[in-house]
Amino acid sequence: MLICYVNKAEQNYDGKTNESASLRVRALLLALSTPLSTPETRNFFSAVGQHIMRLSVAFRHACQSHSNTHRSMRAFRPQKTFVPANTGGVFSLPVRRASSSNGAGSVEPPIGLRKRREHETNSEGSEYASATRDVVQRSREELASIIKAHPTSKPTLAVIQAGDEDGMLDTNKKMAGKVGLNVMQICLPRHCVEEEVMDEVQRLNEDPAVHAVLLALPLSILSRRLLNTIKPEKDVDGLSDLNVGRMISGDLSEGFLSPVVGAVMELLARYDGPLAGKRVVLLGLEGPLKAIFQSLLEREGVEVSASQWNPDALQKQVRQADVLVAMGTGPVALPQTCFKPGMTLINCGPAVTPGAAWKRGAGFSVGVEQRVEAESWAEIGPLSAALRMQNVVKSFARWAEQQRYRPWTLRPLKLQPLSPVPSDVEISRAQVPKPIWQLAEEVGLLPQELEAYGRSKAKVGLALLARLRHQPNGKYVLVAGITPTPLGEGKSTVTIGLVQALSAHLKLNSFACLRQPSQGPTFGVKGGAAGGGYAQVIPMEEFNLHLTGDIHAITAANNLVAAAVDARILHEATQSDKALYRRLVPTINGVRRFSAIQLRRLQRLGINKSDPGALTPEEVSSFVRLDIDPAKVTWQRVIDTNDRFLRKVTIGQAPTEKGHSRQTQFDIAVASEIMAILALADGLADMKARLGRMVVGSSRSGQPVTADDLGVTGALAVLMKDAVKPTLMQSLEGTPVFVHAGPFANIAHGNSSILADRLALKLVGEEGYVVTEAGFGADIGMEKFFNVKCRASGLRPDVVVLVATVRALKMHGGGPSVTAGLPLPREYTEENLKLVSEGCSNLKKQIEIAHLFGVPVVVALNIFKTDTQAEIDLVCRVAQASGAEAAVPCHHWARGGRGSVDLARAVKEAAAWENGFRFLYSLQTPIAEKIRTIAQKVYGADDIELSPEAQAKIDYYNQQGYDTLPICMAKTHLSLSHIPDKKGVPTGFILPIRDIRASIGAGFIYPLVGTMSTMPGLPTRPCFYDVDLDPATEEISGLF
C-alpha cells in the first residue's frame, strides 16, 4: 500500500464545491481555445493558480520540517516512469500488474503494489532515490545532446528569494548542480514587496540567457499577479494561469507539468498494475486539482468519483474504491474495515501518518494492523527538485529549437484594385496592415528579436544573424534603372510589386529592402519613396515621415561632431597646455585618470603611459592639442530639410566665441558620412569603429584629425545604437519589407544597408529572394552597389532587374523637357516609336554596364496607361536583343503583385543560373586609374581630367594610406556624362575631376565631378502645399 504525502495549504480555493466534469471541460476550452483576456478566463485561472500556489509553498515548508516526519514505513521497489522526459504530448499513466503482500499475508491487489524485498533496498534508504536518479540521468543526457549542438550556451535557472535560504532552495540548487545547470540567485530583503519582485521577474523575462525562473518567496507576497508575470515559457514550476490550464487539458507540448504533481504521478506510475476499469475516489480535492487528477485518470479509463469529509457517504465510497486519493484534513476516522485488501491509498496531507489514532486536525487513521505503506515528504523534495530541473532542461531544449530556422507561415493580405487607381495615400489607408508582431512571427522572427514602434513597424535585433549563422542565404536581386528623368522610372514600385508577386502569388519567400526617404524631398518636389499605386509600403505616411527616428539620430550624431570640432578649436586657442590638460583629465573624488578613448589617443601618439601624472610637458602638449586648421575642417552640419540658404553660413559671430568665426555650410542629413557608415556597417562594433575613424579635418601640420581624436566616438555609438537595427514594415499585400539607411545616391553610394540585406537573406531561406534597390540609374547606384557595397558585405548578386518606362526612354530619345505641375507634352501621351527607338540607346548602355560585372539582367518595363502595345513590344525586343535574359511588361501599379507575376517568374529563372560576378577594378589599382576605369567603361568618357587640387588630394591620400579604398563617384544622376542636359548615351567627352574627398569611416574615396550640391532647395511650389492633417481623425492627406 502506498501513501504519497503532498500538502494543501487551504481546504478550498474559493470555499465552494464545483462539479469536476464541468470544471475539466471549462479548463480544456479555456486553455486551448479562449484568449486569456475574458473575465471568465481570468477569474477561473486565478482560482486555479491560487490553489496550485499554495501547494508549492506548502511543499517548501514540508521540506524545511522533514526531520520531524514519521519514517518507519515500508516502501516499494519502483518499476516504471510516468513523467515524460522533455517531450510534449498528452498525459499517460503506464502501470503494470504485479503482486503485493502485507503483514497479514499475500493478496492480488486491484492496483498490484509489490512490496520491496530486503535486498532491493538502495544505499540511501530512500523510496524515491531510484526515481530521482532516473530523472537526473535523463536530464543530463538530454542536456548533453543540446549542448553538443549549442556549445556556447548553457541553461540557466534564475532563483528569486526573499531572506535566507530554506530547505527547498538548497535542495533545488544541489539538484541543479547534479544535472549541470547554471543557477543565478537573486536575493531580496525578507520584507520585500511585490513590486520589487516583479521588477526582477520582468528583467529575467527579457534576459535571453535565462531559461527558467523560480520564486522562493513567502506566501504573503506570492500573488497570482506575480506568478503570472513570469513568462509561461520560463515558468518551470507550472504555476502561471496558462501553464495550469495546459496541465488540466493534458497538453505538455508547450507548458510545464508542476514538479510536485509530477512527483506524485512519477511514483504512482512506478508501482505495477493497470488502472483501466478501476475505481478511484478523490477525497477532499476541490476545483482545479480535482479536475487535473480526474482528467489524468479518466484518460486511462478509470471510474472517478469525488467525496467530501462526510462519514456516512465516505465509508460507502471507500469500500468500493480501488484507489483513494485524499487531500486536506477532516473530522472523520475511517475504520480499517473500510479498506478492501490491496487498496492503494494516496494520502496528500502532511498531518496524516499511518498507524496513528484519529484526533482533531490529524486527518484519518486506518489502524496499526492495516500496515498502510507510506512515503514521507522528506523524500518527495529531491524528486520534485529533479523534475523541476528536468523542466529547466526542457525549457532550454525549446530555446535551442527556437534558434533553428523557422519555415514561413506568411498569410498575404488580399487586394481589391480599383479602376481608376486612387491616390497612393487613399490606397494605403484602405488596406489595414497586419500587426507587426504577427508579420514577424510569420517570417520566423522570435519575439525577443522584435522591438515594436507602434502597431505597424518594429526594429529587428542583430542577434538574429548569430542565431541563423549556419542558415544558407537566399537569392540576391538588385533593382536598378535607366538614367533617371523628371518623369520617374518607378524602381521602388517595381521592387514592391516584385516581392508581392513572389510571396503573395508564387508562394516564394521574399523580402524587399528599401532606403529610408529623406524628409527634404518628401516636402520638396519629389514626394515620398514608398512605391505607388497597388505596390507600396504601408502605412505610407509612417514610411515617408519620421519612421523610427534613424535620420534624427544621424542628425544628432553628425551635429555633435560639428559642435565638438568648433569647441575644440576655440578652447585650444584660448587656453594653455596646463589648463587644457587639467580640464581634459580632471581630478574626480581625489582621483585623476584617463578615459578609455583618451588612452587610445595616447597609444596613437606613441605615449605608452596610463598615469596622468607621468606625462612630460611635451607629451602633455601633444595630447591636448589637436591643432585643427579652421580652413581645413571638412565636417559640415546637417539638417533633414531642403534649405538653400544654408548652403553657405558663417558661424561663431557671438561675442562669447571671441572672434573665432568661420564660413561653413549645411548638408542634407542623408549626405552625412554617418548615414553612409550606417549603410555599410556589418554590426554595432563595426559601426562604432567606423565612427571613430571619420576624418573631420586636418591639423596645421597636415595630419588627419578623427572623431576618436575628438573623444566623441562612444557618444556617437550611443546615439546610433538603435539606428543600426533595420525597421520591419510590410507591403500592401502583407509581405515583409526592411527599411534601413538612405545615403545620398550621388554623393555616397545610394543603397540600403548591408545589415538589412543580411538579415533578409537569412530569413528567406535558401530558396527565397531578397530584392534590394539601388539609387538613381545603373551607372550610379548599381555601379556603387557592386564596387562599394558588395566589397564591404562580401555578398554577391544573382540577378539585376533593370527598370525602364516608355516615356522616360522617349525623353532620352530627344523628347521635350517637362515641368513639374504642367501637363505632359503630347510626345509622352501619344505613340511615338521613333523617340522610343532612339531612347533605347540608354537602355542598351545600362544592360552593358550590368554585364561588365557578369550579372544577368531582366528588364522590367513599368507600364503607364498612355503606353501603346507597339511601344511596349519595341522596348522588349530591343532589351532582349541587347543581352537581357528577359524583358517583361509590369502592371503592379494598377494590379499589385498579380501584375508582376511574369516578372517574378523571369527573375526566378534568371537567378537559378550561376553567374560570373566580378569587380570592375582591383583595390590595388592607383586612385587615378580606378577613376579612369569607371569613367571610360561605365560612363563612356574618352578620358578624365584631374584638376591640380584633385591631383594634390591623390598625393595626400597615397601618403596617408587611403589609396586602396574603393571609388564612389559624385556626379549628376541625370546623365551618363557630367552634363545633366545630355540625355541618351553621350560620347566624345572628357570627365572633369575638380576635387577628391575621402569618407574614411565609410571606407571610400569620392571624386567630385563638376559642381555638386549637397543641400537641395525648395521649388516655387513645394509638395508641402498639399500636405494636411485632419485634427478630428488625425488622417494625413497630400503625401504621394
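Everything numeric in this text was worked out from a predicted model, so none of it was measured. (Residues numbered from 1 in each chain as written. Predicted model: local features only at pLDDT ≥ 70, side-chain atom pairs only at ≥ 80, totals over all residues. Heavy atoms only, no water.)

Describing the overall build of the protein
Keep this limit in mind: The helix count covers DSSP runs of H or I at least four residues long, the strand count covers runs of E at least two residues long, and both are numbered beginning at the N terminus. Working definition: with a 1.4 Å probe on protein chains only, accessible area under 20% of the residue-type maximum means buried, over 50% means exposed, and in between means partly exposed. Two residues qualify as a contact provided that any one of their heavy atoms is within 4.5 Å of a heavy atom in the partner residue. For the accessible areas, the method is Shrake-Rupley and the probe is 1.4 Å, while residue cover comes only from the protein chains on display.
What the protein contains, in helices and strands, is 34 helices and 35 strands. Considering the protein as a whole, with its 1040 residues, one finds that 58% of them fall into the buried category. When contacts within the protein are restricted to residue pairs at least 6 apart in sequence, long-range pairs at least 24 apart make up 75% of them. When the accessible surface of the protein is split by element, carbon and sulfur atoms take 52% of a total near 41400 Å².

Regarding a nonpolar patch on the surface
Note the cut-off: Only residues above 30% relative accessible area that lack a salt bridge enter a patch, with like-charged residues linked at up to 9 Å and the nonpolar side chains Val, Leu, Ile, Met, Phe, Trp and Tyr linked at up to 5 Å. Salt bridges are counted wherever a side-chain nitrogen of Lys or Arg sits within 4 Å of a carboxyl oxygen of Asp or Glu.
On the surface, Leu1018, Phe1024 and Tyr1025 cluster together into a nonpolar patch covering about 300 Å² of accessible area. As for its position among the elements, tyrosine 1025 is in the loop between strand E33 (1004-1009) and strand E34 (1028-1029).

Brief notes about helix H15 (residues 491-505)
Applied cut-off: Here the expected span of a helix is defined as 1.5 Å times the quantity of residues minus one.
Under the 1.5 Å per step criterion, the end-to-end length of H15 is 20 Å for 15 residues, consistent within 8% with the ideal 21 Å. At the C-terminal side of H15, lysine 507 shows a positive phi close to 60 degrees.

With respect to the sheet that holds strand E32 (residues 990-999)
Backbone-to-backbone hydrogen bonds join strands into a sheet, with any given pair of strands oriented parallel or antiparallel. The criterion, for reference: Two strands qualify as a pair provided that DSSP identifies no fewer than 2 bridges between them. Helix axes use the C-alpha atoms of the stretch in contact, all axes being lines fitted to C-alpha atoms, and the angles between their N-to-C directions lie in the range 0 to 180 degrees.
Taking strand neighbours across the sheet as the criterion, the three strands line up as E31-E32-E33 in an open arrangement whose pairing is mixed. Across the chains shown, the open sheet's two edge strands, defined by having one partner strand only, are strand E31 (943-946) and E33. Going from strand to strand, the sheet's axes swing by 50 degrees on average, the running direction of each strand aside. Where E32 and E33 come together, six bridges link them in antiparallel fashion. Note on E33: the bridge partner recorded for isoleucine 993 is valine 1009.

Notes on unusual backbone geometry
The omega torsion of the bond from serine 419 to proline 420 falls at 0 degrees, within 30 degrees of zero and hence cis. Secondary-structure assignment places proline 420 in the loop between helix H11 (377-402) and helix H12 (424-430). A cis amide bond links isoleucine 538 with the next residue in sequence, proline 539, at an omega value of -10 degrees. Its identity is not glycine, yet lysine 658 carries a phi of approximately 55 degrees, on the positive side. Of note, lysine 658 is situated in the loop between strand E20 (649-651) and strand E21 (662-664). One non-glycine residue with positive phi stands out, namely phenylalanine 776, at about 55 degrees. Within the secondary structure, phenylalanine 776 sits in the loop between strand E27 (769-773) and helix H27 (778-793). Taking relative accessible area as the criterion, phenylalanine 776 reaches 23% and is therefore assigned partly exposed.

A word on the packing of aromatic side chains
Going by this rule: Pairing of aromatic rings covers Phe, Tyr and Trp, the last through its six-membered ring, and needs centres within 6.5 Å; plane angles under 30 degrees mean stacked, over 60 mean edge-to-face, and all others mean tilted. Only when the NZ atom of a Lys or the CZ atom of an Arg is both within 6 Å of the ring centre and within 35 degrees of the ring normal do we say a charge sits over the ring.
Evaluated as defined, the whole model comprises 15 aromatic pairs. A centroid spacing of 5.5 Å and a plane angle of 65 degrees characterise the contact between phenylalanine 594 and phenylalanine 623, whose relative ring orientation is edge-to-face. Placement of phenylalanine 594 in the loop between strand E17 (591-592) and helix H20 (596-604) and of phenylalanine 623 in helix H21 (residues 617-624) is noted, with a sequence separation of 29 residues between them. For the pair formed by phenylalanine 594 and phenylalanine 623, the shared burial category is buried. Directly above the aromatic system of phenylalanine 256 lies the positively charged group of arginine 398, at a separation of 4.7 Å from the ring centroid. Just above the ring of phenylalanine 919 sits the side chain of arginine 791; from NZ or CZ to the centre is 4.2 Å.

Thoughts on helix H22 (residues 673-680)
To keep things clear, this is the line we draw: In protein, a polar contact means a hydrogen-donor-capable atom and an acceptor-capable atom, both N or O and within 3.5 Å, with residues adjacent in sequence counting only if both atoms are side-chain atoms; elsewhere, any N or O pair within 3.5 Å suffices.
With eight of its eight residues buried, H22 lies for the most part within the structure. Along H22, the residues classified as buried are Glu673, Ile674, Met675, Ala676, Ile677, Leu678, Ala679 and Leu680. Where H22 begins, the side chain of serine 672 points an oxygen toward the backbone nitrogen of isoleucine 674, at a separation of 3.1 Å.

Examining the side chain of threonine 555
Mapped onto the secondary structure, threonine 555 falls in helix H18 (residues 550-574). By relative accessible area, threonine 555 is classed as buried at 17%. Excluding residues within four positions of it along the chain, threonine 555 makes contact with Val638 and Ala669.

Describing the sheet that holds strand E4 (residues 182-188)
Reading across the sheet, the three strands line up as E4-E3-E5 and stay open at both edges, with parallel pairing between neighbours. Each edge of the open sheet is held by one strand with a lone partner, namely E4 and strand E5 (212-216). Direction aside, the axes of adjacent strands within the sheet are offset by 20 degrees on average. Sheet topology note: the strand E3 (residues 156-162)/E4 ladder contains seven bridges and is parallel. For isoleucine 160, the partnering residue across the bridge sits in E4 and is isoleucine 186. On the sheet, helix H5 (residues 194-205) packs against E3, E4 and E5 and is oriented at approximately 155 degrees with respect to E4.

Considerations on the nonpolar core
Note that soluble globular proteins tend to have their nonpolar side chains buried in a common cluster. Condition: We define the nonpolar core as a collection of buried residues of types Ala, Val, Leu, Ile, Met, Phe, Trp, Tyr and Cys that are connected through side-chain atoms lying within 4.5 Å of one another.
Leu728, Phe738, Phe786, Leu843 and Leu991 are the most contacted members of the largest nonpolar core, which has 90 residues in total. Top contributing element to this core by residue count: helix H33 (residues 927-939), with seven residues. Those residues in contact with phenylalanine 786 that sit more than four places away from it in its chain are Leu478, Arg791, Pro797, Val800, Phe853, Val855, Phe917 and Phe919. Residues Ala553, Val565, Leu626 and Ile668 belong to the second largest nonpolar core, which totals 51 residues.

Details of the side chain of threonine 727
Within the secondary structure, threonine 727 sits in strand E25 (residues 727-731). At a separation of 2.9 Å, a polar atom in the side chain of threonine 727 contacts the side chain of threonine 548. In this structure, threonine 727 is in contact with Lys457, Ala458, Lys459, Leu547, Thr548, Asp550, Val737, Phe738 and Val739, ignoring residues within four places of it in sequence.

Some words on the confidence of the model for the protein
Basically, it comes down to this: pLDDT is a residue-level measure of predictor confidence that goes from 0 to 100.
Per-residue confidence for the protein gives a mean pLDDT of 82; residues scoring 70 or more make up 81%. Every residue in residues 1-125 scores below 50 in pLDDT, and together they form 331 contacts with partners more than four places removed in sequence or on other chains. Predicted confidence is poor over residues 349-378, with pLDDT under 50, and the contacts of this stretch with residues over four places away or in other chains come to 89 contacts.

Remarks on the pattern of salt bridges
Working definition: two side chains of opposite charge can pair if their charged atoms are close together. Across all of its chains, the model carries 42 salt bridges by this definition. Linking aspartate 577 and arginine 625 is a salt bridge whose minimum nitrogen-to-oxygen distance equals 2.5 Å. Taken together, the residues aspartate 577 in helix H19 (residues 577-584) and arginine 625 in the loop between H21 and strand E18 (628-633) connect sequence positions 48 residues apart. On the basis of relative accessible area, aspartate 577 is assigned to the partly exposed category, the value being 26%. The partly exposed category is assigned to arginine 625, whose relative accessible area is 25%.

Looking at the pairing of strand E29 (residues 857-862)
Note the following rule: Here is how to tell: hold the view so the strands point away, follow the path from the first strand over the helix to the second, and if it runs clockwise the crossover is right-handed.
Judged by how many residues are buried, E29 sits mostly within the fold: six of six residues are covered. Alternating positions in E29 separate into two faces, Val857, Val859 and Leu861 on one and Val858, Ala860 and Asn862 on the other, with burial throughout. Strand direction decides the pairing type here: strand E28 (residues 799-804) and E29, joined by five bridges, are parallel. Looking across to E29, one finds that valine 803 is bridged to alanine 860. Each parallel crossover has a hand, and the one from E29 via helix H30 (residues 869-881) to strand E30 (residues 886-890) is right-handed.

Concerning the packing of H22 against helix H23 (residues 684-693)
We apply this condition: For classification purposes, angles smaller than 35 degrees are called roughly parallel, those larger than 145 roughly antiparallel, those between 65 and 115 roughly perpendicular, and all remaining angles oblique. Crossing chirality is assigned from the near helix's rotation relative to the far helix, an anticlockwise turn below a right angle marking it left-handed and a clockwise turn marking it right-handed.
Two elements in contact, H22 and H23, have axes separated by 9 Å at closest approach and are oriented at 150 degrees. With respect to H23, the axis of H22 lies roughly antiparallel. Handedness of the crossing formed by H22 with H23: right-handed. Taking contact as the criterion, the partners of Ile674, Ile677, Leu678 and Leu680 in H22 are, on H23, Asp686, Met687, Arg690 and Leu691.

A word on the packing of H27 against helix H29 (residues 833-852)
Note the cut-off: Under the scheme applied, nonpolar residues are Ala, Val, Leu, Ile, Met, Phe, Trp, Tyr, Cys and Pro; charged residues are Asp, Glu, Lys and Arg; polar residues are all the others, including Gly.
Viewed as axis vectors pointing N to C, H27 and H29 meet at an angle of 10 degrees, and their least axial separation amounts to 10 Å. Relative to H29, H27 is oriented roughly parallel. Across the interface between the two elements, Ala778, Asp779 and Met782 from H27 touch Gln846, Ile849 and Ala850 from H29. Taken together, the residues that form the contact of H27 with H29 break down as four nonpolar, one polar and one charged.

Things to note about the environment of valine 737
Within the element layout of this structure, valine 737 appears in strand E26 (residues 736-739). What makes valine 737 buried here is its relative accessible area of 0%. For the pair valine 737 and alanine 756, spaced 19 residues apart in sequence, the C-alpha to C-alpha distance is 9.4 Å. Not counting chain neighbours up to four residues away, the residues in contact with valine 737 comprise Ile496, Phe511, Ala512, Leu514, Val537, Thr727, Leu728, Met729, Gln730 and Ser731.

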